[in-house]
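# Residue-level structural notes
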Amino acid sequence: DDCSYDAESGEPPQLHIECSDEALCSWHNERGFQPKDLYAMCQVGESSKPAGSGKIGRKGIGFKSVFQISDAPMLVSPPFQFCFDTVARGIFG
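All chains use their own residue numbering, which begins from 1 and follows the written sequence. Only residues with pLDDT of at least 70 are given local features in this predicted model, and only at 80 or more are side-chain atom pairs given and counted; all residues enter the totals for whole chains, interfaces and linings. Side-chain calculation: all heavy atoms of the structure are included, whereas hydrogens and water are not.

## Some points on the side chain of T86
The condition that has to hold: Helix and strand definitions here come from DSSP, where helices need a minimum of 4 consecutive H or I residues and strands a minimum of 2 consecutive E residues; each element is numbered from the N-terminal end. We call a residue buried when its accessible area falls under 20% of the maximum for its residue type, exposed when it is over 50%, and partly exposed in between, using a 1.4 Å probe and counting protein chains only. Any N or O atom pair separated by 3.5 Å or less is treated as a polar contact, with the protein-specific requirement of one donor-capable and one acceptor-capable atom, and with residues adjacent in sequence counted only for side-chain atom pairs.
Along the chain, T86 turns up in helix 2 (residues 86-89). Exposure remark for T86: the relative accessible area of 16% places this residue in the buried category. Separated by 2.8 Å, the side chain of T86 and the backbone oxygen of D71 make a polar contact.

What follows is the structure in structure tokens.
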């Protein structure tokens, strides 16, 4: 788990998943993306996870697997909200 939670809130980590014919949605109560995370997610071979941290990933390809099931994945992690639209803009939006 590479999520960061607000320990002072008293809320336990939560994950919600909903699936319908139109969409697969998931959300959780972690602190959210930082600019370095977004940059790494948009690059191949980049990661915001330090080597030796014991966290999975770090190859820069994990998020890209979402394009196997969606042409326009949307991300909402305040203050960020954006969509990778591969149909309108070509591969990887």
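## Section: the confidence of the model for the chain
In low-pLDDT regions, the fine details of the predicted coordinates are not to be read closely. For clarity, the cut-off: Along the chain, pLDDT gives the predictor's confidence residue by residue, from 0 to 100.
Model confidence for the chain is summarised by a mean pLDDT of 78, while 75% of its residues fall at 70 or above. The least confident element of the chain is helix 1 (residues 35-41), whose mean pLDDT is 80; the most confident is strand 1 (residues 15-19), at 93.

## Focus: the pairing of strand 1
Inclusion rule: When DSSP finds at least two bridges between two strands, those strands are taken to pair.
Counted residue by residue, strand 1 has zero buried out of five residues, so it is predominantly exposed. Across five bridges, the pairing between strand 1 and strand 2 (residues 24-28) is antiparallel. Of the residues in strand 2, the one forming a bridge with C19 is L24. Between strand 1 and strand 2, which pair antiparallel in sequence order, lie four residues.

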